[in-house]
Amino acid sequence: MRIVFLILLNLIASIGLAQTEENTFDRDWKFRQVGTENWMNASVPGTVHTDLLANQKIPDPFLERNELLVQWIDTVDWEYQTRFVFKPKENVQKAYLVFEGLDTYGDVYLNDSLILVANNMFRSWKVECLSLLKKGNNSLTIKFSSAVTKGKAEARKLPYTLPGDEKVFTRKAGYHYGWDWGSRFVTCGIWQPVKLVLQTGILEVVDHHLVQTELTDQQAILQLNTSLTAKENTPVTIRVFDNVSNTLLGTSQYQVTGTSSLPTVVTIKNPKRWWCNGYGDPHLYSLRIEVENKTNADKIIAFKKIGLRTIELVQEPDSLGKSFYFKLNGKSIFIKGANYIPPDNFLPRVSTSAYQELVKKARNANMNMLRVWGGGVYAADAFYEACDEQGILVWQDFMFACVMYPGDEAFIENVRVEAEQQIKRLRHHASIALWCGNNEVSEAWHNWGWQKQYAYSKKDSASIWQDYLHLFEEVLPKEVNTQDPSRSYWPSSPQHGWGRKQSMLEGDSHYWGVWWGLQPFDVYNQKVGRFMSEYGFQGMPSSSLFKSITAEKEISLHSFAVLHHQKHPTGFQTIDHYLQQSHNKPQMFEDYRYVSQLVQAEGMKVAIEAHRRSQPYCMGTLYWQLNDCWPVTSWSSIDSYGISKAAHYSITKAFEPFLTSVTHEHGSYVIYAVSDHPAVVTLTVSLHTLQGDVRWTENTWVDFNTGGSKRIKVLDSMQMLKGLEASKIFLHTELQSLSGESLYENFHYLVPVKELPLEKPTLTWYVDKKNHTIHLTNGSTLAKNIFLDAGASVTFEENYFDLMPRQTKRVKFTSALSFKKLKQQLAIRSVYDTYTHP
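Everything in this summary refers to the structure shown in the same document. Predicted model only: the values in this text are computed from it and were never measured.

Describing the overall build of the chain
Next, step 1: Along its length, the chain carries 15 helices and 44 strands.
Next, step 2: For the chain, the C-alpha radius of gyration of 29 Å lies close to 28 Å, the compact-globule estimate for 838 residues.
Next, step 3: Across the 838 residues of the chain, 60% fall into the buried class.
Next, step 4: Restricting to contacts in the chain with at least 6 residues of sequence separation, those with at least 24 account for 71%.
Next, step 5: For the chain, the exposed surface amounts to about 33300 Å²; the carbon and sulfur share of it is 49%.
Next, step 6: When the 86 positive and 87 negative side-chain charges of the chain are each reduced to one mean point, those points stand 2 Å apart.

See the structure below:
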């Protein structure tokens, strides 16, 4: 099945635009536990946990084992209040209180009158309130009920237990209840802005929605649909300008009474297309939309950015199953990226710059897609805007993950409105590539043994599954088709469980045989599906992070804080299982932490190389996971302090436009080369000893006439190893341009790292202040996984790399330290330094 999308980006549906005055209530809030008299200062936007922390009523929940000390917070109710002065004006037509996000069960009172009963963290709310406003002092009160108590009450209404317990009944971020990488903080509060909007004119613009109808090299034609309300027979002119050149792109005129949707044709000549990272410029157009009331010349002006492109999700039967890949502007794209989770348990404290920096790191790691995972939240506007600007496509889950959900009318309608609002908010972003119903709900129902675990009757089982089908295969796809028919909807990720043959033949795949199944990394070479949307391995976070979360002077794997900040039930045992297969087990904590990262990095390297080698059969790889929401040992490649693990450097390299990869197949070593684009390059394959002697070298021309993967060379193992010990040699592959520029190099070892007879490398270095570069020179033996560490304030462009004997490497860095301080703090280690030698 081939579905073509013609879409735009970044025209965010507004709750209401008019001739207005807008007041944001972000000051003078106070809060208290319901039933007490002790009012405290509060921050809005904020959460009850961060407000309690700011008032020194709780310890920092992220430190030590303090998570255990704050679990009482979600068992009680909380009340927030502010007071404000209202000065009536004669020309005020309407007044609205707008709540962009209440978490989650909130009864809202204006001057003691109940005006709203909120029950969904993911929805916004708009309440007309002019008749309730008083001249002078007014009060606004929000009483938040315990989401845990509410959820349990709903659970008791069913004759059976749904997997997921009380959280499944509450439209709230699933990760707040804890995950195998996340803490349990079931918080509440006013997590998005609250505004009082006064309409002072007779026009109210409800929404601007641009739909792209044509895109060629000569022109782009769009239809702007403006939804507005006029109080009387009003002459309206709509104009659309390029805000940079001030060129008029489209205009229309209407006589309006009541609520109308008014089309305006917009034409852009010689358009520049929006491209994802690695394929071209993510070009954005800045538009100015003017809606003018011709009676009095009043104007309502909106500024928007758009991107022009086409995208297709291609699913077509073939001889091996069914394809699953994306086409952007008619070009097949190999997707390289990661799964994104919320960057904090307490989201109001995540800044715009933090979202921008995280997306920038994804771009710098050669990614072109992020998947917004369904157990978190729909991300902030700043995240999607950054994806638009950086050329990062977004796979957007609806917020459902790993549990079953109720199917009563009230719940379904609540979800429908949530979906409608979020689709309208996000549909204009070019970064949005796909809407997905849920994460692992279908797989879980069919593979996780819930029917037996919960002893469902046939009737109950049928009822639960029918509720699933109604929500994810009727309600949500209908809403997508209504609000955003240009994009595809995918019911559940993955399509099949990883233990089933079909999971490798069609749809997207979550492969967890590595980690959960304790399968070796080599299995990644066989378990390759059409689109790998989840796989991963844990690595411990930075030394700086561990030092910041505990007061213990001697941190070890047995430290209470270290153990508490590992949420997988067998996490450290699993890391240790894999570590001892490939490395000598370090005895010191810091060495163990470092080597655990090397193991994670190697696993990700093996997986990504396997996926890229297998194109066009496999056309996408999204590892689990990009980031963390708190200090923890997890699958992330960037820890919660923003520090890249060894895996992030490994992934960055494996995602480069060019790639070489070596596999061991049927007694031979097979050399592959991969390119994202058409190119002619030279491949050099050489065999080296650990001391740098070159045993042989071969050069081959490689013509990537269309890009993709090529099987270049087969080396017979017996012939290659004749007279040599596998532990004392390694293969080195390098791609070069025809002018001699190095495009990619790779080291392939024939035995596990622990079997390499490594010698202590002699490394010398100096800092080039002018170019912010460290020049690192190796001595007479291989240096394995060189780790440059100068603390959290210094970031190196490359790290954890191998260095040939008698070679010099130049590593760029950014630093908040003085050069003198950097030189004092810089520590360099390699694998050799992590274990005792005979």
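Digging into the pairing of strand β33 (residues 679-689)
Next, step 1: Counted residue by residue, β33 has 10 buried out of 11 residues, so it is predominantly covered.
Next, step 2: As judged from the 10 bridges shared by β33 and strand β34 (residues 694-704), these two strands associate in the antiparallel manner. Opposite Val680, over in β34, you have Asp703 as the bridge partner.
Next, step 3: Between the end of β33 and the start of β34, which pair antiparallel, lie 4 residues, with Gly692 showing a positive phi angle near 95°.
Next, step 4: Of the strand pairs in this sheet, β33 and strand β36 (residues 729-736) are connected by 8 bridges, and their pairing is antiparallel. Following the sheet pairing, His688 is matched in β36 by Phe730.

Quick notes on a nonpolar patch on the surface
Next, step 1: On the surface, Val680, Trp701 and Leu738 cluster together into a nonpolar patch covering about 350 Å² of accessible area.
Next, step 2: Tracing the chain through its elements places Leu738 in the loop between β36 and β37 (742-749).
Next, step 3: With a relative accessible area of 51%, Leu738 lands in the exposed category.

What about the pairing of strand β9 (residues 125-128)?
Next, step 1: Going residue by residue along β9, you find Trp125 and Val127 tucked away on one face and Lys126 and Glu128 left uncovered on the opposite face.
Next, step 2: Direction of pairing for strand β6 (residues 94-99) relative to β9: antiparallel, over a ladder of 4 bridges. Bridge pairing in β9 places Val98 opposite Lys126.

Criteria and thresholds
Throughout, residues of each chain are indexed from 1 in the direction in which the sequence is written. Given that the model is predicted, a residue must reach a pLDDT of at least 70 before its local features are reported, and side-chain atom pairs must reach 80 or more before they are shown or counted; all residues, however, enter totals for whole chains, interfaces and linings. With hydrogens and water stripped out, all remaining heavy atoms of the structure feed into the side-chain values. Secondary structure follows DSSP: runs of H or I at least 4 residues long count as helices, runs of E at least 2 residues long count as strands, and numbering of each begins at the N terminus. Our radius of gyration looks at C-alpha atoms and nothing else; its globule reference is 2.2 Å times the residue count to the power 0.38. Accessible area is worked out with a 1.4 Å probe on protein chains only. A residue is then buried under 20% of its type maximum, exposed over 50%, and partly exposed in between. We call two residues contacting when some pair of their heavy atoms lies within 4.5 Å. Calculation of accessible area relied on Shrake-Rupley with a 1.4 Å probe; when residues are assessed, cover is drawn exclusively from the protein chains displayed. Counted as positive: Lys and Arg. Counted as negative: Asp and Glu, with His and the chain ends omitted from the count. Working definition for charges: the position is that of NZ of Lys, CZ of Arg, CG of Asp or CD of Glu. Strands are labelled as partners when DSSP assigns at least two bridges between them. Patch building starts from residues that exceed 30% relative accessible area and form no salt bridge, then joins like charges within 9 Å and nonpolar side chains (Val, Leu, Ile, Met, Phe, Trp, Tyr) within 5 Å. Any Lys or Arg side-chain nitrogen found within 4 Å of a carboxyl oxygen on Asp or Glu counts as a salt bridge.

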